[in-house]
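Report on the structure
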Amino acid sequence: CTFSPARAWRHAVGPRLVRTLGPTQMPLVRMRPASPDDLALTYAITEDAMRGYVEETWGNWDEEEQRQKHRNNFTPETYKIILIQDAVVGLVAVEEFPSHVWLVKLYLLEKYRNQGIGSQVLQGVQESASARGKPVTLRVLRVNKRAQALYERHGFTVSEENAERLHMASGA
């Protein structure tokens, strides 16, 4: 079986991402596949989510460098745009490998954080990977304590670390 990012995304995320947790209704989360036309949108979401952490870690956000990195690494077949009703609220990128599922990115726009949206998306990725007996891996900047807390709440533990990042894993 050859690696297909599009097929891997369908397997890694699974069919269902909408949840109701307890008596509180969570926002209705929908996803749409990213396309090459989403390059600017995904860059804007990335900048909103990561600029402060990049500046804290490396001292500055070099616009030209960050745009070039984003262009080089943007693979639309591994990205989904996260929507609430028709509003774009973030993105998620997932890649599947024979031994694990890699959560490459889970970025929400600032005004949509702390509403359970990230948890819904993360649970969908974990459930889908678990159904195939694979762990989910990710890396997070050491300075991003909010993301670390989210991942820890969902059972991720640190598997490796360096000066800038923590590598975390959960499941199988």
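Below, the structure is looked at part by part. (Residues numbered from 1 in each chain as written. Predicted model: local features only at pLDDT ≥ 70, side-chain atom pairs only at ≥ 80, totals over all residues. Heavy atoms only, no water.)

A closer look at unusual backbone geometry
Peptide bonds are trans in most cases, and residues, glycine excluded, mostly fall at negative phi. Positive phi values are uncommon outside glycine, yet Gln 85 reaches one of about 55°. Within the secondary structure layout, Gln 85 lies in the loop between strand S4 (79-84) and strand S5 (87-96). The exposure class of Gln 85 is exposed, given its relative accessible area of 65%. The residue Asn 114 is not glycine, and still its phi comes out positive at about 65°. Secondary-structure assignment places Asn 114 in the loop between strand S6 (101-108) and helix H4 (117-131). (Helix = DSSP H or I, 4+ residues; strand = E, 2+ residues; numbered from the N terminus. Buried < 20%, exposed > 50% of the residue type's maximum accessible area, 1.4 Å probe, protein only.)

Thoughts on the environment of Val 125
Residue placement: Val 125 occurs in helix H4. On a C-alpha basis, the gap between Val 125 and Val 92 in space is 9.8 Å, while along the polypeptide they are 33 residues apart.

With respect to the sheet that holds strand S7 (residues 136-141)
Read from one edge to the other, the open sheet built from seven strands follows the order S3-S4-S5-S6-S7-S9-S8, with strand pairing classed as mixed. At either margin of the open sheet sits one strand with a lone partner, and together these are strand S3 (29-33) and strand S8 (157-161). Pairs of neighbouring strands in the sheet enclose a mean axial angle of 30°, with direction left out of account. Taken together, the seven bridges between S5 and S6 define a ladder with antiparallel strand orientation. (Pairing = 2+ DSSP bridges. Axes fitted to C-alpha atoms, helices over the stretch in contact; angles between N-to-C directions.)

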